[in-house]
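# Architecture and fold: a report
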Amino acid sequence: MILDFSIIPGILPALLWGTKLTIELALIGVAIGLIIGSVVGIGRVSSNKLVRTITGIYVDFIRGTPLLVQLFLVYFGLPSLIGRPVPAFTAAIAAMGINSGAYVAEIVRAGIQSVDKGQMEAARSVGLTAGQAMRYIIFPQAFRRIIPPLGNEFIALLKETSLVSVIALEDLLRKGQVVITRTFRPFEVYMAVALIYLVMTFGISRLVAWSEKRLKVVD
Amino acid sequence: MIKTLGLRKSFGDNQVLNGIDVEIKPHEVVVVIGPSGSGKSTFLRCLNLLEKPTAGEIYFRGQCITDPKVNVNEVRREMGMVFQSFNLFPHMTVSENITLGPTKVRAVPLKEAEEHARELLDKVGILDKENAYPTELSGGQQQRVAIARALAMKPTAMLFDEATSALDPEMIGEVLDVIGNLAGEGMTMVIVTHEMGFAKQVGHRIVFMDEGVVVEQGPPGEVLGSPKNPRTQAFLSKVL
């Protein structure tokens, strides 16, 4: 068996098209995840027990089941429920966003709870309302601690987008599979695919490390 | 000015306050002493409703503040609180720490609040630290900022919860001086402390608490000098 990497330049355009979709999925997924996660994360520390319970069930369900199953639920399961097909791209970003939301929620909750209780007490004792105390005192401090784990969540999500290849979306991995049917060079192509993922995740992790240094919590 | 009637507080099965009746008059300095776990800090925290009393009533300036209809935020802005662990906001400068309450709660214009903050910093002797962050200050300086932060709301009463317990010995004096000056200006204060010398010096009245009740109270000379209750005697023999 002889490795032949000379095929790479020829297949690169196809792989980069797939990469574009992969990045799109990850960005939209994490954006939806951030919105859901912020709301749910705050709900997890709510004083309202019903809110805490509902958000808790969501987080437990999502984190306790495989993303692939969630993707199938949305793409194959939901159409039978609503009576019409769900486009693959819509299904993918919905599943990724809902999935990421649960993990982001836990990051947000941990960030809020990592702020010393005395901060809330001091804020309330000068007469700030609970909402003002959250806005001016708790969130700004929680935010600095949330950034690094959020970066890690984005890396995880980016890698998990490869699952959408099973619902025929032409992401980076799927493009690789298509290329192999043409070139019959699975090792070289999958290595190229893996390296492209690595370049992206490594870049993000450097960015996270840099932001971690810059946002070092003062306390 | 502040009056408690049958104040009780329990955490689960743990009865911390077992019926406290205390009245604090305007301009009075009341010092609460007692062994650890006697409930003195909980009592103080109940006064501005950081802890919700289990039973009993608290009156502040004639208003029953334990009534659920009362806006606790309005009550708290009238009572300054200083904590054992300072609790300054680490992401804000000294000046921002002090102006946050007045600008957000009382809608004071920022310029005016900053001017007032400088006056207060001058008063507590650290005017030069206006733009420093809390981590750049010593414990004594941080606590003096915390006092300035509480004073910025122009409260009618001040509560001190073991304000010097977390400080190195050489810094206790500078904080006690500030509190002493406030007493001299006629601020109504409730002070929980372990500093008996200070209690004697600034207190108009000493309240000795043990196991969630007020055991003995009176002028410092009497309670600290010739305590009547055996429990007070036992406590003082250990700390004096």
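Here the structure is shown first, and the text comes after it.
Residues numbered from 1 in each chain as written. Chains lettered and ligands numbered in written order. Predicted model: local features only at pLDDT ≥ 70, side-chain atom pairs only at ≥ 80, totals over all residues. Heavy atoms only, no water.

## A few points about the side chain of Ser125 of chain A
As for its position among the elements, Ser125 of chain A is in helix α5 (residues 117-125). Judged by relative accessible area, Ser125 of chain A falls into the buried class, the value being 4%. At 2.9 Å, the side chain of Ser125 of chain A forms a polar contact with the backbone oxygen of Ala122 of chain A. Apart from residues no more than four positions distant in its own chain, Ser125 of chain A is found in contact with Asn48, Arg76, Met79, Met81 and Phe83 of chain B. (Helix = DSSP H or I, 4+ residues; strand = E, 2+ residues; numbered from the N terminus. Buried < 20%, exposed > 50% of the residue type's maximum accessible area, 1.4 Å probe, protein only. Polar contact = N/O pair within 3.5 Å; in protein donor to acceptor, adjacent residues only side chain to side chain. Contact = heavy atoms within 4.5 Å.)

## Details of the packing of helix α2 (residues 49-63) of chain A against helix α4 (residues 88-113) of chain A
Residues and elements named next belong to chain A. Between α2 and α4, whose axes approach to 9 Å, the crossing angle comes to 120°. When you trace α2 past α4, the crossing you get is left-handed. For the pair α2 and α4, contact is made by Tyr58, Val59, Ile62 and Arg63 and by Ile98, Asn99, Gly101, Ala102, Tyr103, Ala105 and Glu106, respectively. Its residues placed into classes, the contact of α2 with α4 shows 7 nonpolar, 2 polar and 2 charged. (Axes fitted to C-alpha atoms, helices over the stretch in contact; angles between N-to-C directions. Left-handed = near helix turned anticlockwise from the far one by under 90°. Nonpolar A, V, L, I, M, F, W, Y, C, P; charged D, E, K, R; others polar.)

## Quick notes on the interface of chain B and chain A
Each partner contributes residues to the interface: chain B has 23 residues there, and chain A has 20 residues. Both faces combined, the contact of chain B with chain A buries some 1,800 Å², and carbon together with sulfur accounts for 61% of it. Across the contact surface, chain B and chain A share 1 salt bridge. As a salt-bridge pair, Arg45 of chain B and Glu121 of chain A come within 2.5 Å of each other at their nearest N and O atoms. Taken together, the links from chain B to chain A amount to 6 residue pairs in polar contact (both at pLDDT 80 or more). Tallying contributions element by element places helix α3 (residues 94-105) of chain B first for the side of chain B that touches chain A, with 4 residues. By residue class, the composition of the side of chain B that touches chain A is 12 nonpolar, 6 polar and 5 charged. (Buried area = accessible area lost by both parts, 1.4 Å probe. Salt bridge = Lys/Arg side-chain N within 4 Å of Asp/Glu carboxyl O.)

## A closer look at unusual backbone geometry
In this structure, Phe184 of chain A is a non-glycine residue whose phi angle is positive, near 55°. Its relative accessible area of 65% is what places Phe184 of chain A among the exposed residues. Even without being a glycine, Asn87 of chain B presents a positive backbone phi close to 55°. Residue position: Asn87 of chain B is located in the loop between β6 (79-82) and α3.

## Points about a nonpolar patch on the surface
All names here are of chain A. A cluster of nonpolar side chains, contributed by Leu3, Phe5, Phe187, Met191, Leu195, Leu198 and Phe202, occupies part of the molecular surface with about 690 Å² of accessible area. Tracing the sequence through the fold places Phe187 in helix α8 (residues 186-214). Among the residues examined, Phe187 registers a relative accessible area of 47% and is labelled partly exposed. (Patch = residues over 30% accessible without salt bridge, like charges linked within 9 Å, V, L, I, M, F, W, Y side chains within 5 Å. Areas by Shrake-Rupley, 256 points an atom, 1.4 Å probe, with all protein chains shown as cover.)

## Thoughts on the nonpolar core
Ranked by size, the top nonpolar core spans 50 residues in total, and within it Ile137 of chain A together with Phe43 of chain B carry the most contacts. Take this core: its biggest share by element is 8 residues, from helix α6 (residues 130-160) of chain A. Apart from residues lying up to four places away in sequence, Phe43 of chain B is in contact with Thr4, Leu7, Leu17, Ile20, Val22, Val32 and Met209 of chain B. Counting 48 residues, the second largest nonpolar core, distinct from the first, contains Val94, Ala183, Met187 and Val202 of chain B. (Core = buried A, V, L, I, M, F, W, Y, C linked by side-chain atoms within 4.5 Å.)

## Observations concerning the pattern of salt bridges
According to the stated counting rule, one finds 18 salt bridges over all chains in the structure shown. Between Glu106 of chain A and Arg44 of chain A there is a salt bridge, and its shortest N-O distance comes to 3.4 Å. Here the residue Glu106 of chain A occupies a position in helix α4, and Arg44 of chain A occupies one in helix α1 (residues 8-44), the gap between them amounting to 62 residues. Taking relative accessible area as the criterion, Glu106 of chain A reaches 11% and is therefore assigned buried. Between Lys228 of chain B and Glu222 of chain B there is a salt bridge, with its nearest N and O atoms 3.9 Å apart. The exposure class assigned to Glu222 of chain B is partly exposed, which follows from its relative accessible area of 40%. The network of salt bridges with shared partners includes Arg44, Arg63, Glu106 and Arg109 of chain A.

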